[in-house]
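For reference, the chains in residue letters:
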Amino acid sequence: MSAQDARLKKLRMRSWRRGMKEMDLILGPYADAELDRFTPEALDAYEALLDENDQDLYLWVTGAVVCRPELAPMIARIAEAAGLRRV
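What you see is a predicted model; the values in this text were computed from it and never measured.

Student: Can you explain the nonpolar core? Please cite residues and give values.
Tutor: Among soluble globular proteins, nonpolar side chains are generally buried collectively. Counting residues in each nonpolar core, the largest one holds 24 residues, and the members touching the most others are L35, F38, Y46, L49, I75 and I78. The set of elements that each furnish at least two residues to this core consists of α1 (3-16), α2 (21-34), α3 (40-50), α4 (54-62) and α5 (72-82).

Student: For the packing of aromatic side chains, give the residues involved together with the corresponding values.
Tutor: Following the criterion strictly, the structure yields 3 aromatic pairs and no others. For the ring pair Y30 and Y46, a centre distance of 6.0 Å and an interplane angle of 40 degrees mean the geometry is tilted. Here Y30, found in helix α2, pairs with Y46, found in helix α3; they are 16 residues apart in sequence, far enough to count as distant. Across the pair, exposure class does not vary: Y30 and Y46 are buried alike. Three or more aromatic residues joined by ring pairs make a cluster, and in this case those are Y30, F38 and Y46.

Student: Account for the packing of α2 against α5, with residues named and values stated.
Tutor: For any two helices packed against each other, the geometry is given by the interaxial angle and the distance between the axes. Between α2 and α5, the shortest axis-to-axis distance is 9 Å and the interhelical angle comes to 95 degrees. With respect to each other, α2 and α5 are oriented roughly perpendicular. Residues I26, L27 and Y30 of α2 form the contact with α5, whose participating residues are R77, I78, A81 and A82.

Student: Lay out the environment of R14 with the relevant residues and their values.
Tutor: Relative to the elements of secondary structure, R14 occurs in helix α1. Judged by its relative accessible area of 22%, R14 falls in the partly exposed class. Beyond its immediate sequence surroundings of up to four residues, R14 is in contact with E47, L50 and D51.

Student: Describe α1, and please don't skip the residues or the numbers.
Tutor: A turn of α-helix holds 3.6 residues, and therefore any two residues three or four places apart point the same way. Compared with the 20 Å implied by 1.5 Å per residue over 14 residues, the 20 Å span of α1 between its first and last C-alpha is a close match. Of the positions making up α1, those classed as buried are L8, L11, R12 and S15. Viewed end-on, α1 has its buried residues packed into an arc of 100 degrees, placing them on one side of the element. Opposite the packed face of α1, turned more than 90 degrees from it, sit the exposed residues A3 and K9. Looking at the buried residues of α1, the elements they touch are α2 and α3.

Student: For the environment of L43, give the residues involved together with the corresponding values.
Tutor: Note on placement: L43 falls in helix α3. In sequence terms L43 and G83 are 40 residues apart; their C-alpha atoms lie 22 Å from each other. Setting aside residues no more than four positions away along its own chain, L43 makes contact with Q4, R7, L8, L11, L35 and F38.

Student: Would you mind going over the pattern of salt bridges in detail, with residue names and values included?
Tutor: This model, assessed by the stated rule, comprises 9 salt bridges. Measuring nitrogen to oxygen at the nearest pair gives 2.8 Å for the salt bridge that ties D36 to R12. Taken together, the positions of D36 in the loop between α2 and α3 and R12 in helix α1 put the pair 24 residues apart, joining distant regions of the chain. Across the pair E70 and R68 runs a salt bridge whose closest N-O atoms are separated by 2.8 Å. Members of the salt-bridge network, linked through shared partners, are R7, D44 and E47.

Basis of the calculations
Residues numbered from 1 in each chain as written. Predicted model: local features only at pLDDT ≥ 70, side-chain atom pairs only at ≥ 80, totals over all residues. Heavy atoms only, no water. Core = buried A, V, L, I, M, F, W, Y, C linked by side-chain atoms within 4.5 Å. Buried < 20%, exposed > 50% of the residue type's maximum accessible area, 1.4 Å probe, protein only. Helix = DSSP H or I, 4+ residues; strand = E, 2+ residues; numbered from the N terminus. Phe/Tyr/Trp six-rings, centres within 6.5 Å; stacked < 30°, edge-to-face > 60°. Axes fitted to C-alpha atoms, helices over the stretch in contact; angles between N-to-C directions. Parallel < 35°, antiparallel > 145°, perpendicular 65-115°, else oblique. Contact = heavy atoms within 4.5 Å. Expected span 1.5 Å × (residues − 1). Arc of directions from axis to C-beta. Salt bridge = Lys/Arg side-chain N within 4 Å of Asp/Glu carboxyl O.

In structure tokens form, the structure reads like this:
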């Protein structure tokens, strides 16, 4: 297995095995569908996003709370992929 394949596998696992079931169901399918197309820089950003607290991520993805500006583009893509209508 190449280093890239191992990294993608790890990121998918982290996306599906969160501390909050809602985030499993949001991030898991997103990772399965999108990570293969990510640039190395986008993978770095996604990996950093996975270090965030699930409760914060959920509020950001649902639009209940505004996230930090540097996370906004990826949070918006995740929300759109999950079919979440952001308020």
